[in-house]
Amino acid sequence: QRFIKSLSFALCLGAAAVTSGLAQAKTFRVAVGDGAGGTQHQLALKFSEVFKEKTGGQHDTQLFLNGQLGDEQATVNDASMGLLDFSILAINNVTPFSPSVGVLTLPYMVQSLDDAIALTQGEVGQQLVDNTVRDAGVRIVGWAYSGFRVLTNSKQPVQSLDDLKGLKIRVPNNEIMIDTYRAWGINPTPMAWSETFTGLQLGVVDGQDNPYITVYAMKFDEVQKYVTNIRYLFSIEPLIVSESVFQSQTPEVQQAILDAGQAATEHGAQWLVEQEDKIRAELTSRGMQITDAANGEQEWMDKAISQVWPKYYDQLGGKENLNKILQSLGRDEI
Ligand code: MLT
C-alpha cells in the first residue's frame, strides 16, 4: 500500500509538472550541414545563445556540424519523423520535400540579399513556412543568407557555356538545379552534400557550385582551383524544427524558439554583409582563381530562364504567381 501511495504521489508530481509547463530541461540536437566558419554556423550559434537565454537557461542545444547527423536531405526526413529536433541546411535540399519552396531555387529569381530577405520574411515566406509544415512536417523558424552560389572546378577557367563542356559538375538532388545545368548544355551529377568534398577530392566530379562562404567553410579550396562568378542562385539556408517536436513544447518554449530564430536571422544577414568580401579575398590568397562569366552572364541567364522557368510554372503556382512575385521585387514580368 505504501508503494501504491508513493507511486500515485510520483504520478501527481509528473502531471503537475506537465500541466504547469515545467517541462524537463532538454538539450535539443541541431544538425548543421556545413563546417564551422560559415553562415549556417553563425545562425546556429546565435539561435542557441538566444534560445538558452529566453528559456532562462532551462533548455540548451548541441550542434553537430559538417553533416555529422547525416546528409542535409536525410535530416529533413529525420526531423519530419521527430527523430531530430533542428536542422540548418540549404533551401535547395528542402525543395524535394515541399515543391513550392522551389520558387527560391528558380534560376535568377533572387538577385540580391534584399530580394532574399523580402521573399523569405514577407508574405511569400510565410506561405512557404505553412507549406513546409504541411508537406514535410518541418517548420522553418529562421533564415540564413549565404550569397550567390559560384561555380568552382579543378580543371580550367570557365567563362562561357562552351567552357563548361566536358566538366563533371556535382549538383544537389534538386530537379530545378539539374534542369538548369541541362539548359546550360551539360548533364550534371546529383550527389549528396555530405559526399561532395570526397567526390571532388577523388575526381568523381570536377566541380560544384556553392557560395564563397560555403566553399570556405567546407575547405573546398583544398580541392578546387577555378571559380566563376555566376549569380543564378542566391543561397538561402533555413533553420527547421521538427513540427512534432515544436508542437510538443509549451507555448513559452515555442515562443522562445521563434524569437531565437528571428534574432539569429537578423544576425546572420548582418554577418554575411560583413564577411563575404573578406572570405572571397581569403580564398584568392589561398590560390583560388576567380573569373567573371562572359558577356555579363547573358547566355547563362537566357538559357536558364527560357528553358527552366516554363517547366516549373505549375509547381510554383502558375506564371501569374511568379509575375506577382517579380513585381513585388520591383522587377520586370516574364
Ligand atoms: C548543397 O549544395 O547541397 C548545399 O547548398 C550545401 C549547403 O548546405 O551549403
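Overview of the structure.

Procedures and definitions
Residues numbered from 1 in each chain as written. Predicted model: local features only at pLDDT ≥ 70, side-chain atom pairs only at ≥ 80, totals over all residues. Heavy atoms only, no water. Helix = DSSP H or I, 4+ residues; strand = E, 2+ residues; numbered from the N terminus. Rg over C-alpha atoms; globule rule 2.2 N^0.38 Å. Buried < 20%, exposed > 50% of the residue type's maximum accessible area, 1.4 Å probe, protein only. Contact = heavy atoms within 4.5 Å. Areas by Shrake-Rupley, 256 points an atom, 1.4 Å probe, with all protein chains shown as cover. Lys, Arg positive; Asp, Glu negative; His and termini not counted. Charge placed at Lys NZ, Arg CZ, Asp CG, Glu CD. Near = heavy atom within 4 Å. Polar contact = N/O pair within 3.5 Å; in protein donor to acceptor, adjacent residues only side chain to side chain. 1 Å grid on protein atoms, 1.4 Å probe; cavity = no way out; pocket = protein on both sides within 12 Å on 5 of 7 lines; lining within 4 Å. Sits in = over half its atoms within 2 Å of the grid points. Nonpolar A, V, L, I, M, F, W, Y, C, P; charged D, E, K, R; others polar. Core = buried A, V, L, I, M, F, W, Y, C linked by side-chain atoms within 4.5 Å. Points joined across faces, edges and corners; volume = space filled by probe spheres on them. Phe/Tyr/Trp six-rings, centres within 6.5 Å; stacked < 30°, edge-to-face > 60°.

This part takes up the overall build of the protein. From N to C terminus, the protein includes 13 helices and 10 strands. Relative to the globule expectation of 20 Å for 334 residues, the C-alpha radius of gyration of the protein, 22 Å, shows essentially globular dimensions. Judged by the C-alpha coordinates and their principal axes, the protein covers about 85 × 45 × 30 Å. Classification of the 334 residues of the protein by burial places 53% in the buried group. If you take every contact in the protein between residues at least 6 apart in sequence, the share linking residues at least 24 apart comes to 75%. Entry remark: accessible area of the protein is about 14600 Å², with carbon and sulfur atoms responsible for 50%. Placing the 26 positive and 39 negative side-chain charges of the protein at their respective mean positions leaves the two points 5 Å apart.

This part covers the site of the ligand. The immediate surroundings of the ligand are formed by 13 residues, with Asp34, Gln40, Glu72, Arg149 and Arg170 found nearest. In this structure, Arg170 approaches the ligand through a side-chain N or O atom, which is 2.7 Å from an oxygen atom. Within the side chain of Asn210, an N or O atom sits 3.0 Å from an oxygen atom of the ligand. Coverage of the ligand by the protein amounts to 100% of the 270 Å² it exposes when considered alone. The cavity where the ligand resides is the largest cavity. Of the residues that constitute the shell around the ligand, the class distribution is 3 nonpolar, 5 polar and 5 charged.

Counting residues in hydrophobic clusters, the biggest one holds 54 residues, and the most contacted among them are Met109, Tyr145, Phe234 and Ile236. Beyond its immediate sequence surroundings of up to four residues, Tyr145 is in contact with Thr39, Leu113, Ala116, Ile117, Thr120, Gln121, Phe234, Ser235, Ile236, Thr265, Ala269 and Leu272.

The subject of this paragraph is the layout of surface pockets. There is about 370 Å³ of room inside the largest pocket. Lining the largest pocket are 18 residues, with Glu123, Val124, Gln127, Asn321 and Ile325 positioned closest to its centre. Of all the elements in the fold, those that place two or more residues in the lining of the largest pocket are α4 (113–121), α5 (123–136) and α13 (318–328). Of the residues forming the lining of the largest pocket, the biggest block, 5 residues, is contributed by α5.

With that out of the way, let us pick up the packing of aromatic side chains. Centre-to-centre distance and the angle between the planes together describe a pair of aromatic rings. One pass over the structure, following the stated rule, counts 11 aromatic pairs. Look at Tyr181 and Trp184: their rings are 5.0 Å apart centre to centre, the planes differ by 80°, and that puts the pair in the edge-to-face class. The class of Trp184 is buried, set by a relative accessible area of 3%. Put simply, the rings of Phe28, Phe47, Phe51 and Phe86 touch in pairs and so form one group of aromatic residues.

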